Amino acid sequence: ASLRALVAALPKVELHVHLVGSARPGTVAALARRHPGSGVPTDPAELARWFTFRDFDHFLTVYWAVQSLLRDRADIHELVVGLAADLARQNCRYAEVTVTPYNHLLDGMPGDELLSGLASGRAEAAAEHGVELAWCFDIPGEKGTKAGRETLVFALRERPEGLVSFGLGGPEVGVGRAQFAPFFTAAREAGLRSVPHAGETTGPATVWSAVHDLGADRVGHGIGSATDPRLLEYLRERDIALEVCPTSNVRTRQVASIGAHPVRRLLDHGVPVTLNTDDPPMFGATLDGEYLAVASALGLTPAEIADLARASVRASFLPEPRRTALL
Ligand code: HPA
Ligand code: ZN
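To keep things clear, this report deals only with the structure shown in the data block. Numbering of residues begins from 1 in every chain and follows the order in which that chain's sequence is written. Chain labels run from A onward and ligand labels from 1 onward, assigned in the order the entries are written. Residue-level local features of this predicted model are given only where pLDDT is at least 70; pairs of side-chain atoms are given and counted only at 80 or more, and the full residue set underlies all totals for whole chains, interfaces and linings.

**Let's talk about the overall build of the chain**
And then number 1: Looking only at helices and strands, the chain has 17 helices and eight strands in total.
And then number 2: For a compact globule the rule gives 2.2 Å times the number of residues to the power 0.38, and the radius of gyration it is set against comes from C-alpha atoms. Scaling as 2.2 N^0.38, a compact globule of 327 residues should have a C-alpha radius of gyration of about 20 Å, and the chain matches this with 18 Å.
And then number 3: With the principal axes as the frame, the chain shows a C-alpha extent of 50 × 45 × 40 Å.
And then number 4: Residues with at least 20 other C-beta atoms within 10 Å of their own are called buried, those with 12 or fewer are called exposed, and the rest are partly exposed. The C-beta atoms themselves are positioned from the backbone. In the chain, which comprises 327 residues, the proportion classed as buried is 50%.
And then number 5: Whether two residues are in contact is decided by their C-beta atoms, placed from the backbone, lying within 7 Å. Across the chain, the fraction of contacts at a sequence separation of at least 24, relative to all contacts at a separation of at least 6, is 72%. For the purposes of this entry, the term helix denotes a DSSP run of H or I that reaches at least four residues, the term strand denotes a run of E that reaches at least two, and both are numbered from the N terminus.

If you want it as structure tokens, here you go:
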């Protein structure tokens, strides 16, 4: 109980959470009722069962079904504010949230509806919940270089307030990171930070590509690095943080249990590790829960738990002096 209280009281930041994946079950159920025929359950208990994933690809299929329920600025606004409320309750006052504009555009949502919902949600998050949100616009990798180009164009043309980074998500298998190099180069030249997913479902070669070809400032997941000591040393030396999402990895069956998670190995090698939720309600995850799970599995002391929270602040793209003030 005291560990729980300690984690709850700790100021935390969240660096890897997908907006679509942050939808509360009640919100998903309401959206499903509003859009009959989507195949998404309208009953929260049934939804919980529906959020039981056989593997990573099954998870993505479910994720895309939820995404297709989002139609307008009000839907986006509701998701953003719901996420901020969930974060505020966990003493998390800053989050970098991944949005995939190309997917919403493909699903028929006009770009200005998306941007308007993000902007109004972000304003309400700050005013009502005291939570500062930053955006990562990411490429849905499975849709190839066309998606890469259009995501870049959208990001740089619209440049919404709070946009700090450029990402790459979706499946890794069969979706080489290097093909997206030109878009990451342009995004970085425009001042956005590089945060591709890599090494979530594949090994160290993908993470090497993320750092070499995409200039990763941080790596989404990156747990596939654990088997490559040279890569671990590289990440430590360059201070490239991994956005580790332990519960996500268990729920998509990349890892058998929290106890078997490579996070211990990453920490032992001095790699900057941040703890994150990825798609919290879909995985039954909370930010506090991730800290608790890792603290119990690794037997961390209170000081070590606080160090983990500080590692996230250090790896964040909060502008100075706010970043240092949180440390
Ligand atoms: N990996 C890749 N794509 C995703 C994820 C993830 O963890 N979550 C939502 N889209
Ligand atoms: Zn992710």
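The structure having been displayed, the exposition proceeds.
**Here's the deal with the packing of helix α5 (residues 73–88) against helix α7 (residues 111–129)**
And then number 1: For helices, the fitted line uses only the C-alpha atoms of the stretch in contact; every axis is such a line through C-alpha atoms, and the angle between N-to-C directions lies from 0 to 180 degrees. Put simply, α5 and α7 touch, their axes get as near as 7 Å, and they point 30 degrees apart. With respect to α7, the axis of α5 lies roughly parallel. As α5 packs across α7, the resulting crossing turns out to be right-handed. Of the residues in α7, those in contact with Arg73, Ala74, Asp75, Ile76, His77, Val80, Val81, Ala84, Ala85 and Ala88 of α5 are Glu113, Leu114, Ser116, Gly117, Leu118, Ser120, Gly121, Arg122, Glu124, Ala125 and His129.
And then number 2: Any residue that is not Ala, Val, Leu, Ile, Met, Phe, Trp, Tyr, Cys, Pro, Asp, Glu, Lys or Arg is counted as polar, Gly included; the first ten are nonpolar and the last four charged. Of the residues contributing to the contact of α5 with α7, the split by class is ten nonpolar, six polar and five charged. Comment on the angle field: the value is read as roughly parallel under 35 degrees, roughly antiparallel over 145, roughly perpendicular from 65 to 115, and oblique elsewhere. Two helices crossing with the near one rotated counterclockwise from the far one by less than a right angle form a left-handed crossing, whereas a clockwise rotation gives a right-handed crossing.

**Remarks on the nonpolar core**
In a soluble, globular protein the nonpolar side chains are often hidden away together inside.
And then number 1: Counting 90 residues, the largest nonpolar core has Val80, Ala95 and Val97 as its most contacted members.
And then number 2: Considering every element that reaches this core, the biggest residue donor is α5, with seven residues. As used throughout, a nonpolar core is a set of buried Ala, Val, Leu, Ile, Met, Phe, Trp, Tyr and Cys residues joined through C-beta atoms within 7 Å of each other.

**A short note on the site of ligand 1**
And then number 1: Throughout this description, a residue near a molecule or strand is one whose C-beta atom, derived from the backbone, lies within 6 Å of it. Near ligand 1 you find His18, Gly21, Tyr63, Gly169, Gly170, His197, Glu200, Ser248, Asp278 and Asp279, and these make up its full shell.
And then number 2: Across the shell around ligand 1, the residue classes break down as one nonpolar, six polar and three charged.

**Comments concerning helix α16 (residues 302–315)**
And then number 1: In this scheme, a helix's expected span is set at 1.5 Å multiplied by one less than its residue total. Relative to the 20 Å expected for 14 residues at 1.5 Å per residue, α16 spans 20 Å between its end C-alpha atoms, a close match to the ideal helical length.
And then number 2: Residues of α16 that are buried: Ile305, Leu308, Ala309, Ala311, Ser312, Val313 and Ala315.

**A look at unusual backbone geometry**
And then number 1: Backbone torsion omega between Glu320 and Pro321 reads 10 degrees, so that peptide bond is classified as cis.
And then number 2: Turning to its location among the elements, Pro321 is positioned in the loop between α16 and α17 (322–326).
And then number 3: In this structure, Asn91 takes a positive phi of about 60 degrees despite not being glycine.
And then number 4: Considering the arrangement of structural elements, one finds Asn91 in the loop between α5 and β2 (92–99).

**Some points on the environment of Arg218**
And then number 1: Within the fold, Arg218 resides in strand β6 (residues 218–221).
And then number 2: With 24 residues separating them in the primary sequence, Arg218 and Leu242 have C-alpha atoms 5.8 Å apart.
And then number 3: Filtering out sequence-adjacent residues up to four positions away, Arg218 remains in contact with Val195, Ile240, Ala241, Glu243 and Ala315.

**So, the sheet that holds β6**
And then number 1: Within the open sheet, the eight strands sit side by side as β1-β2-β3-β4-β5-β6-β7-β8. Their pairing is parallel. Every interior strand has two partners, whereas the edge strands, β1 (12–18) and β8 (273–275), have only one. Each neighbouring strand pair of the sheet contributes to a mean axis angle of 25 degrees, computed without reference to strand direction.
And then number 2: Sheet analysis places β6 next to strand β7 (residues 241–244), joined by three bridges and oriented parallel. The partner of Val219 across the bridge, within β7, is Leu242.
And then number 3: Sheet strands touched by helix α15 (residues 287–298): β1, β2 and β8. Its angle to β8, the strand with the most contacts, is close to 125 degrees. Should DSSP find at least two bridges between two strands, the strands are regarded as paired.

**Side note on the pairing of strand β3 (residues 132–140)**
A regular strand places its side chains on the two faces of the sheet in alternate fashion.
And then number 1: Counting buried residues along β3, eight of its nine residues qualify, which places the element largely inside the surrounding structure.
And then number 2: Here β2 runs beside β3; their pairing, made up of six bridges, is parallel. Bridge assignment links Tyr94 to a residue of β3, and that residue is Glu132.
And then number 3: With six bridges joining them, β3 and strand β4 (residues 163–169) adopt parallel strand pairing. By the bridge assignment, Trp135 is partnered in β4 with Leu163.
And then number 4: Handedness of a crossover is defined as follows: orient the strands so they point away from the viewer, and if the path from the first strand over the helix to the second runs clockwise, the crossover is right-handed. Running through helix α8 (residues 144–158), the crossover from β3 to the neighbouring parallel element β4 is right-handed.

**Some remarks on the environment of Ala216**
And then number 1: The topology assignment puts Ala216 in the loop between α10 (204–212) and β6.
And then number 2: On the basis of neighbour counts, which here come to 29 C-beta atoms within 10 Å, the residue Ala216 falls in the buried class.
And then number 3: It is 9.3 Å that separates the C-alpha atoms of Ala216 and His197, two residues lying 19 residues apart in sequence.
And then number 4: If we ignore the near neighbours within four places in the chain, the residues touching Ala216 are Ser194, Val195, Pro196, Ala210, Val211 and Ile240.

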